[in-house]
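Spelled out, the chains give:
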Amino acid sequence: MSTTPQCGGLYYPTDALEPHISAETLSLHHGKHHATYVSKLNGLIEGTEWAERPLTEIAAQASGGVFNNGAQAWNHAFYWHFLSPDGGGEPEGELASAIARDFGDSARFREAFSNALTTLFGSGWVWLARDVAGQLHIQATSNAGNPLTEGHQPILTCDMWEHAYYVDYRNEKARYVDAFWELVNWEFAATNQGADEPFAP
């Protein structure tokens, strides 16, 4: 039997992020798109070497359809933690210090991250990640890509697939990015910055 997590409930009601992200978007994004990735993954790994492997390992090491669905399942599980009704504001503590060290200050980081989000071509994700040397960097990935495949520690992410924003913002990516900053869960980001191992759904 697979140990891959099923697509459980969100950590908040579907209307909790309004007016920034609508209940309709969350219902479709989590209840349809994320759930489909999980369902397809469970079907693909049944009876294979991946069936008893943690989702984080699948997202880091698999290939083909197993990677595409497994990484998307992991990416989304990670992303939901960054959308918080109590989010927004600025990073604090060790994370703020690391951002200042590697980007100059939080304003410059936010500008660079926002630029990466609005200029990403096609569908994908933008990440703040920590490399093996401990440095923070911004990484844009296409489709299901994520920093785990390079041995890097994901700290923060934003989903730039159209299903994440099109219902609410149509093709106005910049408005979705502004909404994202109003919801960012910096406490969860700080947890990832201080962790030795990647997030495990």
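Bear in mind the structure is a predicted one, so any value in this text is a computation, not a measurement.

A. Highlighting unusual backbone geometry. Residues Glu18 and Pro19 are joined by a peptide bond in cis, for which omega reads 10°. Among the structural elements, Pro19 can be located in the segment before helix 1 (23–45). Even without being glycine, Arg170 reaches a positive phi, approximately 50°. On the accessibility criterion, Arg170 (46% relative accessible area) is partly exposed.

B. Expanded view of the pattern of salt bridges. Using the criterion set out here, one finds five salt bridges in the structure. Close ionic contact of Arg53 with Glu49 constitutes a salt bridge, the shortest N to O distance being 3.9 Å. A salt bridge links Glu172 to Arg175; its shortest N-O distance comes to 3.5 Å.

C. Representation of the packing of helix 5 (residues 106–119) against helix 7 (residues 173–183) within the structure. Axis separation between helix 5 and helix 7 bottoms out at 10 Å; the angle between their running directions is 140°. Relative to helix 7, the element helix 5 lies oblique. Considering how the two elements wind past one another, helix 5 and helix 7 form a crossing that is right-handed. Facing helix 5, whose interface residues are Phe109, Arg110, Phe113, Ser114, Leu117 and Thr118, helix 7 presents Lys173, Ala174, Val177, Phe180 and Trp181. For the contact of helix 5 with helix 7, the per-class residue count stands at seven nonpolar, two polar and two charged.

D. Layout of helix 4 (residues 93–103). Every buried residue belonging to helix 4 is among Leu95, Ala98, Ile99 and Phe103, and all of these are buried. End-on, the buried residues of helix 4 take up no more than an arc of 100°, which puts them together on one face. Of the exposed residues in helix 4, those oriented more than 90 degrees away from the buried face are Gly93 and Glu94. As for helix 4, its buried residues are in contact with helix 5, strand 1 (124–130), strand 2 (136–142), strand 3 (153–159) and helix 8 (186–194). With its phi angle positive at about 105°, Gly104 sits one or two positions after the end of helix 4.

The rules behind each value
Residues numbered from 1 in each chain as written. Predicted model: local features only at pLDDT ≥ 70, side-chain atom pairs only at ≥ 80, totals over all residues. Heavy atoms only, no water. Helix = DSSP H or I, 4+ residues; strand = E, 2+ residues; numbered from the N terminus. Buried < 20%, exposed > 50% of the residue type's maximum accessible area, 1.4 Å probe, protein only. Salt bridge = Lys/Arg side-chain N within 4 Å of Asp/Glu carboxyl O. Axes fitted to C-alpha atoms, helices over the stretch in contact; angles between N-to-C directions. Parallel < 35°, antiparallel > 145°, perpendicular 65-115°, else oblique. Left-handed = near helix turned anticlockwise from the far one by under 90°. Contact = heavy atoms within 4.5 Å. Nonpolar A, V, L, I, M, F, W, Y, C, P; charged D, E, K, R; others polar. Arc of directions from axis to C-beta.

Everything listed here is a matter of geometry and, on its own, says nothing about what the molecule does.
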